[in-house]
Amino acid sequence: MAILSILIFPGFLFLAFYGTVFEFIDRKVYARLQNRKGPPWYQPIADFIKLLGKETIVPNEANRTVFLLLPVVTVAAVTTAFLSVPIWSTQAAMPFSGDMIVVLVLLTICPLTFFIAGWNSSSLYSTIGSQRVLTQLFAYEVPLLMSLIGPAILTGSWSLSEIAAFYVDKPLFALFNLPGFVVAILAGQGKLERVPFDTPDAETEIVAGAFTEYSGRPYAFFRLAIDMELVVLPAIFGAVFIPIFSANLFVGFALFVVKTVVILLVLTAIRAITARLRIEQMVKFCWMFLVPLALLQILINLFAKGLI
């Protein structure tokens with residue numbers, strides 16, 4: 001049963017498929033907001049299959065083992081993180097005490113592998129992109145963690161399943177988390193390296209950033225991991241900040257789809273209506289605005305905890 005959960009549902013195969021669906025929705029809505037037609041529904045899958053068939057080229061200066069292993073590590077980290085996120089009910093597939101911290105650590109592996117991938121490629125563009133990845137990590141990671149600490153403090157638990165169950169039982173307390181939800185959305189946009197925080201892979205400046213030297217299957221799995229992460233973050237935000245679940249399997253799964261798609265559309269709208277920030281502007285924004293707002297969220301939750 002555990003093997004099926006890891007490999008099929010809600011594990012790798014489901015997450016990979018849902019990630020490609022999210023990529024299509026994101027690209028289609030983004031295109032329509034720009035008065036363009038956008039790609040057909042099968043484009044993300046076609047791109048993945050096309051990349052699988054392309055030649056894999058490893059730079060002479062790069063460590064071949066590290067170069068080829070990093071995409072696999074990234075996909076594995078994102079898949080493992082997803083198993084602890086509540087989907088159709090408040091109970092995750094593989095919950096345990098403190099799983100929220102472990103999930104955040106697993107998701108931190110992604111930018112770290114991006115950084116190592118760019119640095120190991122020994123390319124000027126890749127090096128610049130990897131440096132930007134690491135710089136942004138120090139900017140958004142703190143407010144993102146703080147935005148989730150507040151709801152956890154009010155709940156008295158570090159388990160995503162227990163946090164979700166608490167707010168289902170006491171839905172009015174979820175209103176105290178609105179500032180944190182705003183911080184999580186904006187910090188999450190930075191974690192996903194999307195406009196206006198897409199300086200690590202700004203194609204008009206540094207080609208493909210840390211992935212400039214990647215091609216074929218390794219690049220396909222990096223792209224897949226990014227699509228999967230685009231699912232995992234909205235799933236976490238939906239479980240913590242939008243505590244709407246159902247005991248019925250099909251209704252609960254439908255609510256999961258609705259919540260994650262709504263959050264995706266918000267992220268897409270931000271991407272469409274904003275322009276790229278410079279790296280120092282991104283760091284300044286996170287530390288001057290998002291961190292104080294996240295701190296306010298923690299103070300609000302400490303006050304609300306006294307009302308329980």
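Conventions we followed
As a convention, each chain's residues are numbered from 1 in the sequence order in which they are written. pLDDT decides what is reported in this predicted model: residues at 70 or higher carry local features, side-chain atom pairs at 80 or more are listed and counted, and totals for whole chains, interfaces and linings draw on all residues regardless. The basis for every side-chain value is the complete set of heavy atoms in the structure, and neither hydrogens nor water enter the calculation. Definitions used for this entry: grid spacing 1 Å over protein atoms alone; cavity, a set of points where a 1.4 Å probe fits but cannot get out; pocket, an open set with protein on both sides within 12 Å along at least 5 of 7 lines; lining residue, one with an atom within 4 Å of a point. Grid points are joined across faces, edges and corners, and a volume is the space filled by probe spheres set on the points. In this text, helices come from DSSP runs of H or I with a minimum length of four residues, and strands from runs of E with a minimum of two, each type numbered from the N-terminal end. The classification used treats Ala, Val, Leu, Ile, Met, Phe, Trp, Tyr, Cys and Pro as nonpolar, Asp, Glu, Lys and Arg as charged, and all other residues, Gly among them, as polar. Given a helix with a known number of residues, its expected span is that number minus one, times 1.5 Å. Whether a residue is buried, partly exposed or exposed follows from its accessible area with a 1.4 Å probe, protein chains only, as a fraction of its type maximum: under 20%, in between, or over 50%, in that order. The contact definition used throughout considers only heavy atoms, calling two residues in contact when any of these lie within 4.5 Å. Side-chain atoms alone can form a polar contact between residues adjacent in sequence; in general such a contact is a pair of N or O atoms within 3.5 Å, and within protein one must be able to donate a hydrogen while the other accepts it. Definition of nonpolar core: a set of buried residues of the types Ala, Val, Leu, Ile, Met, Phe, Trp, Tyr and Cys, connected through side-chain atoms within 4.5 Å. A pair of cysteine sulfur atoms is labelled a disulfide when the two atoms are within 2.5 Å. Axes here refer to lines fitted to C-alpha atoms; in helices the fit is confined to the stretch in contact. Angles between the N-to-C directions go from 0 to 180 degrees. Should an angle fall under 35 degrees it is called roughly parallel, over 145 degrees roughly antiparallel, and 65 to 115 degrees roughly perpendicular, with every other angle called oblique. Put simply, a crossing is left-handed when the front helix is turned counterclockwise from the back one by less than a right angle, and right-handed when it is turned clockwise. Aromatic rings from Phe, Tyr and Trp, with only the six-membered ring used for Trp, were paired whenever their centres fell within 6.5 Å, and each pair was classed as stacked if the ring planes differed by under 30 degrees, edge-to-face if by over 60, and tilted otherwise. To sit over a ring, a charge needs its Lys NZ or Arg CZ within 6 Å of the ring centre and within 35 degrees of the ring normal.

**Description of the layout of surface pockets**
In this structure, the largest pocket occupies an estimated 860 Å³ of space. Around the largest pocket, the lining comprises 27 residues; the ones closest to its centre are E193, D201, R223, I226 and R271. Listing elements by their share of the lining of the largest pocket, those giving two or more residues are α2 (12-33) and α10 (216-241). Of all the elements, α10 adds the most residues to the lining of the largest pocket, at 6 residues. Its residues assigned to classes, the lining of the largest pocket shows 12 nonpolar, no polar and 15 charged.

**Concerning helix α11 (residues 249-273)**
Given a rise of 1.5 Å per residue, 25 residues ought to cover 36 Å, and the 36 Å separating the end C-alpha atoms of α11 matches this to within 8%. Three or more residues of α11 are buried, namely G252, F256, K259, T260, I263, L264, L267, T268, I270 and R271. Residues of α11 that are buried make contact with α2, α4 (64-82), α8 (178-191) and α10. A distance of 2.9 Å separates the backbone nitrogen of F250 from a side-chain oxygen at the start of α11, and that oxygen is part of N248.

**Here's the deal with the environment of F138**
In this fold, F138 is placed in helix α6 (residues 124-155). The class for F138 is exposed, based on a relative accessible area of 56%. Counting along the chain gives 31 residues from F138 to L107, while the straight-line C-alpha distance between them is 14 Å.

**Some words on empty space enclosed by the protein**
A full pass over the atoms with the stated rule returns 1 cavity of 30 Å³ or more. Volume-wise, the largest cavity comes out at about 70 Å³. Along the walls of the largest cavity sit T20, E23, P44, D47, F48, L51, A220, R223, L224 and D227, which together make up its complete lining. Those elements giving two or more residues to the lining of the largest cavity turn out to be α2, α3 (43-53) and α10. Classifying every residue of the lining of the largest cavity gives 5 nonpolar, 1 polar and 4 charged.

**What to know about unusual backbone geometry**
If a residue is not glycine, its phi is most likely negative; likewise, a peptide bond is most likely trans. A cis amide bond, omega 5°, links F9 with the succeeding residue P10. Locating P10 in the fold gives a position in the loop between α1 (2-7) and α2. V195 connects to P196 through a cis peptide bond whose omega is 10°. Structurally, P196 is set in the loop between α8 and α9 (203-206). The phi angle at N35 is positive, at roughly 60°, despite the residue not being glycine. One non-glycine residue, E193, adopts positive backbone phi at about 55°. By the element assignment, E193 lies in the loop between α8 and α9.

**A closer look at the nonpolar core**
Among the nonpolar cores identified, the biggest contains 78 residues, and F82, Y214, I236 and F237 are the most heavily contacted of them. Per-element tally for this core: the top contributor is α10, with 15 residues. Not counting chain neighbours up to four residues away, the residues in contact with I236 comprise V85, V103, L107, L148 and L160.

**Structural notes on the state of the cysteines**
This structure, assessed with the given rule, holds 0 disulfides. Not engaged in a disulfide, the cysteine C110 finds its nearest cysteine sulfur in C286; these two sulfurs lie 18 Å apart. C110 gets classed as buried once you look at its relative accessible area, which sits at 0%. Exposure remark for C286: the relative accessible area of 1% places this residue in the buried category.

**Comments concerning helix α5 (residues 99-120)**
In this model α5 runs 31 Å from its N-terminal to its C-terminal C-alpha over 22 residues, within 8% of the 32 Å that 1.5 Å per residue would give. Looking at the residues trailing α5, positive phi occurs at S122, about 60°.

**A word on the packing of α8 against helix α12 (residues 279-305)**
At a minimum axis separation of 8 Å, α8 and α12 run at an interaxial angle of 150°. The orientation of α8 relative to α12 falls into the category roughly antiparallel. Classified by chirality, the crossing of α12 by α8 is left-handed. Facing L178, P179, G180, V182, V183, L186, A187 and G190 of α8, the residues of α12 in contact are M282, F285, L290, L293, A294, Q297 and I300.

**Considering the packing of aromatic side chains**
In this structure the tally under the stated criterion is 27 aromatic pairs. Ring geometry for Y214 versus F222: centroids 5.1 Å apart, planes at 85°, classification edge-to-face. Summarising the burial analysis for this pair, Y214 and F222 share the class buried. For K259, the ring lying beneath its charged end belongs to F245, and the centroid distance is 3.9 Å. Over the face of the ring belonging to Y30 we find R271, whose NZ or CZ atom lies 3.8 Å from the ring centre.

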